[in-house]
Amino acid sequence: MKVSKEDVVKIAHLARLDLKESKVGEMQDSINKVLDWMEALNVVDTQNVAPLAHMTSALNHFREDKAISSLSRDKALALGPDTNEQYFKVPQVIE
């Protein structure tokens, strides 16, 4: 299956891409290379291959989710450049 220049222009229109006329041939070549690669994959015999959800059998090792207090409010506020007794002060961004 080969993609024509008209197909590339139609695909670009459907994807709402502003594709310059000078780039149509380059995009056509790129799409055709991908389609050739897909055809090569279709030749591979996958009859006895089990479907995979993940490429490896590695598992995530989650730790127990425990809330611990590691930094007090006073220590955290002491690290800030501009604070009041309870909060960090930041420049106003909305008028």
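In case you missed it, the structure is sitting above this.
Residues numbered from 1 in each chain as written. Predicted model: local features only at pLDDT ≥ 70, side-chain atom pairs only at ≥ 80, totals over all residues. Heavy atoms only, no water.

## A closer look at the packing of helix α1 (residues 5–14) against helix α2 (residues 24–43)
Logical step 1: Put simply, α1 and α2 touch, their axes get as near as 9 Å, and they point 95° apart. Taken together, the axes of α1 and α2 lie roughly perpendicular to each other. On α2, the residues touching Lys 5, Val 8 and Val 9 of α1 are Val 24, Gly 25, Met 27, Gln 28 and Ile 31.
Logical step 2: Partitioning the contact of α1 with α2 into residue classes produces 5 nonpolar, 2 polar and 1 charged. (Axes fitted to C-alpha atoms, helices over the stretch in contact; angles between N-to-C directions. Helix = DSSP H or I, 4+ residues; strand = E, 2+ residues; numbered from the N terminus. Parallel < 35°, antiparallel > 145°, perpendicular 65-115°, else oblique. Contact = heavy atoms within 4.5 Å. Nonpolar A, V, L, I, M, F, W, Y, C, P; charged D, E, K, R; others polar.)

## Topic: the side chain of Asn 32
Logical step 1: Residue position: Asn 32 is located in helix α2.
Logical step 2: On the basis of relative accessible area, Asn 32 is assigned to the buried category, the value being 9%.
Logical step 3: Here Asn 32 is in contact with Met 1, Lys 2 and Val 3, once residues within four sequence places are set aside. (Buried < 20%, exposed > 50% of the residue type's maximum accessible area, 1.4 Å probe, protein only.)

## A closer look at the pattern of salt bridges
Logical step 1: Summed over the entire model, instances satisfying the criterion amount to 2 salt bridges.
Logical step 2: Across the pair Lys 2 and Asp 36 runs a salt bridge whose closest N-O atoms are separated by 3.1 Å. Remark: Asp 36 occurs in helix α2 and Lys 2 occurs in the segment before α1; sequence separation between them is 34 residues.
Logical step 3: Residue classification places Lys 2 among the exposed positions, given a relative accessible area of 56%.
Logical step 4: The salt bridge involving Glu 26 is made with Lys 23; its shortest N-O contact spans 3.5 Å.
Logical step 5: Judged by relative accessible area, Lys 23 falls into the partly exposed class, the value being 41%. (Salt bridge = Lys/Arg side-chain N within 4 Å of Asp/Glu carboxyl O.)

## Things to note about α2
Logical step 1: Over its 20 residues, α2 extends 29 Å from the first C-alpha to the last, a length consistent with the 28 Å expected when each residue adds 1.5 Å.
Logical step 2: Among all positions in α2, only Val 24, Gln 28 and Asn 32 are buried. Viewed end-on, α2 has its buried residues packed into an arc of 65°, placing them on one side of the element. Of the residues in α2, the exposed ones pointing more than 90 degrees away from the buried face are Glu 26, Lys 33 and Trp 37.
Logical step 3: Those residues of α2 that are buried are in contact with α1. (Expected span 1.5 Å × (residues − 1). Arc of directions from axis to C-beta.)

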